[in-house]
Each structure stands twice: as C-alpha cells, then as structure tokens.
Amino acid sequence: VADDGYRLWLKYDLVQDNGLRKDYQKAAGFIAGSGNSPILQTAATELQQGLQGLLGKNVPVVTGAEKKKGGILFSVDATANVSGQPLGKDGYHIAAQNGNLVITGKTDAGVLYGVFALLRQLQTRQSIKNLELTSTPRIQYRLLNHWDNPNGTVERGYAGSSIWKWYELPERLDPRYQDYARANASIGINGVVINNVNASARYLTPEYIEKVAALAGVMRPYGIRVYMSVLWAAPKVIGGLSTSDPLDPKVKQWWTDRTNEIYKAIPDFGGFLVKANSEGEPGPQDYGRDHADGANMLADALGQHDGLVMWRAFVYKANSNGDRFKEAYAEFKPLDGRFKPKTLVQVKNGPIDFQSREPFHPLFGAMPRTPLVLEVQLTQEYLGFATHMVYLAPMFKETLDGDTYANGKGSTVAKVVDGSVDNHSISGIAGVANIGSDRNWTGHPMGQANWYAFGRLAWDHTLSSQAIAEEWTRMSLTNDAPAVRTIADVMVKSRDIYVRYTTPLGLHHIMGQSIHYGPEPWLASSARPDWTSVYYHKADAAGLGFDRTAKGSNALSLYKPEAQQLWNDPKTCPPDYLLWFHHVGWNQELSTGRTLWNELCTRYYTGVDSVTWMQQQWAAVKPQIDPELHADVTGRLQTQHKEALWWRDACVLYFQTHAKQPIPAPFAPPT
Ligand code: GCW
C-alpha cells in the first residue's frame, strides 16, 4: 500500500529483521493492565495494536497475571520512585521485573506515555534486552494551539482546512479526532487549545460548548485536556452587556457563569488562552485597565476549577516607541508580580514575530514572579509554508538554549520556562499547530517532523535535534541506517539553509506583505511603518541592519548585561545575529573575513546551492522511501529550489541598489 502519510510516525509495520522480531515477541507474551480507567484502556489497546503490527501477532490483554512471566505489565503507583528518586507526575519507568517488562507510572497517563516509549523502542529497532527507561516531562503543560476558525479556515494554516467539523459536532465524531489524540499522546502533548487566538465569541455559546465537550470526550482517554481561546469582548458581543470592563461586576459575573457552564459540560476543561489588545483585538486596555487586570478577572472566574489562564504577550502598537522589539517588554515587565496564581504569560520565542531566526524574547528572565509559557510556531508562516523543507527543532533549541543570565550563568530560556530558574510550580509550552485536513496532516510530509519534534522537546528540552530527527525518520520513513543518517543530516541543516537564502546575517521581516510569503525587501509603505521591510533592514548608502545598541533603539539594554555581551559589539556579535542589532557598513569586514556585502551575497548564493544539495541527498535515498512520498517531497524540493532563487535574486538585486557594488566572484553572473 502506498504511504499517504496519514499514519504519521505511528506506523507499526512489521519488523522485518527476524532475530530482532523474535526477541521482541519473547518479551510480549501478554499485556496485563493494572486497572481499567479510560486512559489505561487506551494504553492497553494502543500497545496491543502496535504489537500486532510490529510483531505480526495478537498479544492478549489478560487480567490476574500475578504469577505469569514473559509479558508486559502496567503498574500505577503514586509513590513510585526510581533508584531513590521519586518519579515525576506523568513520568514513566520501564524495567524488567520478575520475568516481566513492567511499565510504571505515578498516574495513568504516565503508563500511557510509557507504552508509547516502549513502542518507539521497537519502531526504531532498539534492543529491549535489559531495557531500563525512565523519563519525566520537564514541562507540565504541553499544548498545541490551533488557529482554527469556526468556518473551517485555519489562520496561517497550509495543510487544508480545520480538522474540526463544527457543523457535524457534537453528534458525529470524525474518526480523525481520535487519531489526532493518539498522535499527540504519543509525544506527550497533554492539552489542545482548539480555536484561533483571534477568537470568535461563538465558542462560549451553549451550542458550541456542547461541541467542544464532544471533542473533549475524545481527547480525555488520551490524557489530553481541551482549552479555548476567548474573545475579550464576548460579554458585549454575545452577553448583551454594554461593556467588557474587567472590573465591572456584571462582566465578572458573566465570565463566572460562562466558566461554570463550561465546567459542567467539560469537568476537566483546561482553561483560557487570550490575545487581547493586540493587532486590533479588544482587551482590558479599552477600559483603561491593564493585562493583569484582565488575566486576574479570568482567574477569578475560574475560581476553584482546575484551570489556567494563558495571557499572550504578543502586543505591539503602531508608532509606539520606534522599535517593535521593545514593546511587549514595556507593557509586561512592569506587571510582574501582579498576576494571580494559575495565570501564565505566553511569550513568543522572539521579540518580533516567528521569524526564521530571532534572538530569544527579552521577557524571558525578566518576569521572575510570573510563569512564562514559551510559544513557538510549527506552522511555517515565515518559513516557507508547506513547500519548503525546514526542520524546526534546531530553531526551537536555539531559543531554549539561549542564556538569559536571569539568575546567573546557565539560566537558559528552557530553565525559565520549565520553572527551575524561579521555582515556579507550573510550567507550560505551546506550539502553534501545523495541522489541517490534508490526508497527511501537515501538507509537506516533512512538516510532520515539526509536530513530532515539538512534542518531544516539550517533554524533554535536553533532547538533541539530531536525535529527534533520527527517531522521527526511523518511525516515519525508513529504518535503513545510512538513509536515516542522510535524511537526518538534511533535516538538521535545513533551517540554516532556509535562513541563508531568505534572511541571512540577522535580516528579518522582509517577506511579502500580509501573506508573509516570498521576498519583499523593498516594501516601504504600508498601513503602518512596522509592517514594512525597510523599517527592519534599514538599508541605506552606508550599510544595512537595525541598530539596537545604545546608539540606536537600545533594545539590547532589555537583556541582562552578560546576555548583552554576546551581541553588543559588532566585531564579536555572531554573524547570524549581526543585523538584528547593528547597522553595519557595506565594506565592513566581518569575522568571516569578507565584507558585509560579500558575506551577504555569499550566504544568499550558497543558500541556494545548499537546496541543490538537499535535492541530491533526497534523490540518493529514493530506494529506501515509499515511492509516493518520495515523489511528493521531490516535487516540493523543486519548488523550494525555484523559490530560493527568487529570494536570492530579489534580495541581492534590491540590496545592491543601496550597496552599489557588483556581485562578487564566483557568484557574479556571466557578462
Ligand atoms: O505572526 C502573526 C500572524 C497573525 C497571528 C499573530 C498572532 C493569530 O501573522 O496571523 O494572529 O501573529 O500570533 O497573534
């Protein structure tokens, strides 16, 4: 059967290596659950299905297996510890015990995650002799954020329309919902915000609450909770009130009633995500209140319910202070300490907007009294939609590994987010989903790897991009070792390659207006200056780049002094970040030994060449890959190459009008 990508990384095809399969079979005589909660039932069913496919045999699920040997046992033990260390909530421990393989979790979900870890072991053809695996998620709330609208469109979605079929819900449950839940649970995702942050008030109506409750019912047995984005103005839009002022008693009451109604329908509802006073969305500032007033009102409405408020910090206004980089910081930093418990502030990885490379957001490390959710984007809004192959794990890692120095060296963004720097008891991470109704979920088959990598890093941010790429490739494409190496190598390099042919050296926000696709570095006029390209690249006769040092916007001063060190001197600033922080002369020699102009051209040209290299590597693994999938990616790589040329030529020719220098050899076109 041709692989249409629907099964994602949960393929469970027969293990062809007879020896290995026999070893696996020996360990899998039966499955014995330790109870029959919905989540444990999911775990047993999934394991049985997985083993059926991988081992080609039906492994029975039995009860009362105390005396039996040679099977897989589930154990839920709230006091479980591993070598004296208590196991974290939702963590798992897998080890041989009295002739059985025992999967222990403190919670039912822990066992489910252990099941997927064991299956992964088989799917990637690891030995299970003397297997001992222990893992605990480092971040508690691991969420996908959908930007899906009630009419079925997906904002910035490139994989078809929304998978949620509102007009069929709650009566008909598309089987896809369950497959979606399985995929998420397999990588540890435990929450789903089902609708766009540019929210419709409709979700808060009884009609929609019932629909959302039906979805929650599908997610629950997979350990996944459902959350909603809410429209700040909902009390006015659907509540018949004349105001949405968070301090107005009627408004408070309205949200409290709504919240109680939601919990009546969805007892494990996760909570609210809010985009307010951002890009034209309403918010508490419309009434002279601030973000904390708004978030706290919702926290009060949640009351005793076990739910969270995630308040987004993605805010910027036209013409505010001349550098959009500084705006979220200016609005949110002063509010640190004002947010009530169970309220988190959700911050994008970088200060501008999901560009292909950004310095980490200066709010990380600057709000020690507020738990911060890291928001990354899986959908490739600024990274080539579903036509460019860009594996995003290296980009996520770059942010996670960024050192804020908030509490001395080693206060990485990862440790701010997981709560360890400031001792927060709640922690969260969110990925804007790249999923749609396309048969293969993500449009670009390789986009699946970004969904996968997000989940794996949300669970454990210390995993390497390389290891995740290999694991995903083995589960999704092939277990042929040389092919795995080739593909993982292309994946790991792909993001840097994309940066080179689009926005090298720290250029940012020079893409096509509003659609955010393709180059438009010449864009000089728009509804707002901060929606143009020239605002960001500042090309002139002297040079290129946004001066954010003390001579310029001084955005650098938002970082701790040690963090500033990395970027504040143009001579030592890593070239990858140079034009984020400095206006550099065209003839200035960089640490690479080339002038800025020559380096810029070199990156654009070698970036395109690297796409050719990607094509060659992909061609080389053809025998190991499903033909349909191989052809699909081959076609997309052709588009990618064509568009890399487009980016290169558009940008080099445009910047040349400022630099007024020839394209250097060996790139100069023949005359
Ligand atoms: O990157 C921008 C997108 C908007 C999006 C916004 C946000 C949902 O272009 O489409 O709106 O970010 O994150 O709120």
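In this text, all values refer to a predicted model and were calculated from it rather than measured experimentally.

**Q** Please give an account of the site of the ligand that cites residues and values.
**A** Surrounding the ligand, one finds Trp147, Glu155, Arg156, Val197, Asn198, Lys275, Glu279, Phe314, Asp353, Phe354 and Glu381. Considering only residue class, the shell around the ligand consists of 4 nonpolar, 1 polar and 6 charged.

**Q** Give me the sheet that holds strand β7 (residues 100–105): which residues, what numbers.
**A** Backbone-to-backbone hydrogen bonds pair the strands of a sheet. The strands run either parallel or antiparallel. Spatial ordering of the open sheet is given by β2-β1-β3-β7-β6-β8, a layout of 6 strands whose pairing is mixed. The sheet is open, and its two edges are formed by β2 (61–62) and β8 (132–135), each paired on a single side. Pairing geometry for strand β1 (residues 31–32) and strand β3 (residues 72–76), over 2 bridges, is parallel. Paired with Ala32 across the strands is Leu73, a residue of β3. Contacts from helix α3 (residues 108–123) reach β3, β6 (92–97), β7 and β8 within the one sheet, and its direction differs from that of β7 by about 135°.

**Q** How would you summarise the UniProt feature "domain: Glycosyl hydrolase family 67 C-terminal" (unreviewed entry) in the chain if you had to cite specific residues and measurements?
**A** Here, UniProt's "domain: Glycosyl hydrolase family 67 C-terminal" (unreviewed entry) annotation points to residues 442–665. Within residues 442–665, the helical portion is 53% and the strand portion 2%, while the C-alpha atoms at the span's ends are 40 Å from each other.

**Q** Residues and numbers for the confidence of the model for the chain, please.
**A** Model confidence for the chain is summarised by a mean pLDDT of 97, while 99% of its residues fall at 70 or above. For this predicted complex, the interface score ipTM comes out at 0.99, alongside a pTM of 0.98.

**Q** For helix α10 (residues 393–401), give the residues involved together with the corresponding values.
**A** Listed as buried for α10 are Ala393, Pro394, Met395, Phe396, Thr399 and Leu400. Along its buried surface, α10 packs onto β15 (372–377), α11 (413–417), α12 (448–459), α13 (465–476) and α14 (481–502).

**Q** Summarise unusual backbone geometry; cite the residues concerned and give the values.
**A** Of all residues except glycine, most have a negative phi; of all peptide bonds, most are trans. Cis geometry marks the peptide bond from Leu169 to Pro170, where omega comes out at 5°. Checked against the element boundaries, Pro170 lands in the loop between β9 (141–145) and α4 (175–186). Residue Ala665 is joined to Pro666 through a cis peptide bond whose omega torsion reads 5°. Following the sequence through the fold, Pro666 ends up in the segment after α19 (627–659).

**Q** Please set out the UniProt feature "domain: Alpha glucuronidase N-terminal" (unreviewed entry) in the chain residue by residue, giving values where relevant.
**A** Under the UniProt annotation, the feature "domain: Alpha glucuronidase N-terminal" (unreviewed entry) is placed at residues 8–118. Helix makes up 35% of residues 8–118 and strand 23%, and the two end C-alpha atoms of the span are 17 Å apart.

**Q** Describe the domain arrangement of the chain, with residues and values.
**A** According to the domain assignment, the chain contains domain 1 (18–135), domain 2 (141–465) and domain 3 (499–659). Centre-to-centre, using C-alpha coordinates, domain 1 lies 32 Å away from domain 2. Across the boundary between the two partners, domain 1 contributes 10 residues, which contact 9 residues of domain 2. At the level of secondary structure, the elements contributing two or more residues to the side of domain 1 that touches domain 2 comprise α2 (38–55) and α3. No other element matches α2, which puts 5 residues into the side of domain 1 that touches domain 2. Its residues assigned to classes, the side of domain 1 that touches domain 2 comprises 6 nonpolar, 3 polar and 1 charged.

**Q** Can you explain the packing of α14 against helix α18 (residues 596–620)? Please cite residues and give values.
**A** Where α14 contacts α18, the axes come no closer than 9 Å and their chain directions differ by 160°. Judged by the angle between their axes, α14 and α18 are roughly antiparallel. In the packing of α14 onto α18, the handedness of the crossing is left-handed. Between α14 and α18, the residues in contact are Thr486, Val490, Ser494, Ile497, Arg500 and Tyr501 and Arg603, Tyr604, Thr606, Gly607, Val608, Ser610, Val611, Met614, Gln617, Trp618 and Ala620, respectively. Grouping the amino acids of the contact of α14 with α18 by side-chain chemistry returns 9 nonpolar, 6 polar and 2 charged.

**Q** Let's hear about helix α7 (residues 249–265): which residues, and what values?
**A** In this model α7 runs 25 Å from its N-terminal to its C-terminal C-alpha over 17 residues, within 8% of the 24 Å that 1.5 Å per residue would give. Looking at the buried residues of α7, the elements they touch are α5 (206–219), α6 (234–237) and α8 (291–302).

**Q** Hey, could you go over the environment of Ala414 for me, with residue numbers and the actual values?
**A** Within the fold, Ala414 resides in helix α11. The exposure class assigned to Ala414 is buried, which follows from the 25 C-beta atoms found within 10 Å. C-alpha of Ala414 to C-alpha of Arg138: the two residues are 276 residues apart in sequence and 9.4 Å apart in space. Filtering out sequence-adjacent residues up to four positions away, Ala414 remains in contact with Leu400, Asp401 and His461.

**Q** So what about the pairing of strand β14 (residues 343–348)? Which residues, and what values?
**A** Summarising burial for β14: 6 of the 6 residues are buried, a large majority. Burial along β14 is two-sided: the face carrying Thr343, Val345 and Val347 and the face carrying Leu344, Gln346 and Lys348 are both buried. Where strand β13 (residues 308–312) lies against β14, 4 bridges are found, and the strand directions are parallel. Residue pairing for β14: Met310 is matched across the bridge by Leu344. Sheet analysis places β14 next to β15, joined by 4 bridges and oriented parallel. Its bridge partner lying in β15, Val347 is registered against Leu374.

**Q** Any chance you could break down the packing of α4 against α5 for me, citing the residues and the numbers?
**A** The interhelical angle for the contact between α4 and α5, taken along N-to-C directions, is 50°, at an axis separation of 9 Å. When the axes of α4 and α5 are compared, the pair comes out oblique. The two elements α4 and α5 meet at a crossing, and its hand is right-handed. Here α4 contributes Tyr177, Gln178 and Ala181 to the contact with α5, which in turn contributes Leu215, Val218 and Met219. Tallied by class, residues from the contact of α4 with α5 come to 5 nonpolar, 1 polar and no charged.

**Q** Give a description of the nonpolar core that names residues and reports values.
**A** Within the largest apolar cluster, 203 residues are counted, with the highest numbers of intra-cluster contacts made by Val226, Val309, Leu363 and Leu372. Tallying contributions element by element places α14 first for this core, with 10 residues. Those residues in contact with Leu372 that sit more than four places away from it in its chain are Leu344, Val345, Val347, Leu363, Phe364, Met367, Val416 and Val417.

Rules and cut-offs
- Residues numbered from 1 in each chain as written.
- Predicted model: local features only at pLDDT ≥ 70, side-chain atom pairs only at ≥ 80, totals over all residues.
- Near = placed C-beta within 6 Å.
- Nonpolar A, V, L, I, M, F, W, Y, C, P; charged D, E, K, R; others polar.
- Pairing = 2+ DSSP bridges.
- Helix = DSSP H or I, 4+ residues; strand = E, 2+ residues; numbered from the N terminus.
- Contact = placed C-beta atoms within 7 Å.
- Axes fitted to C-alpha atoms, helices over the stretch in contact; angles between N-to-C directions.
- UniProt positions renumbered as here; feature names shortened; annotations may be inferred.
- pLDDT = per-residue confidence, 0-100.
- Buried ≥ 20, exposed ≤ 12 C-beta atoms within 10 Å, placed from the backbone.
- Domains from an automatic or database assignment.
- Parallel < 35°, antiparallel > 145°, perpendicular 65-115°, else oblique.
- Left-handed = near helix turned anticlockwise from the far one by under 90°.
- Expected span 1.5 Å × (residues − 1).
- Core = buried A, V, L, I, M, F, W, Y, C linked by C-beta atoms within 7 Å.

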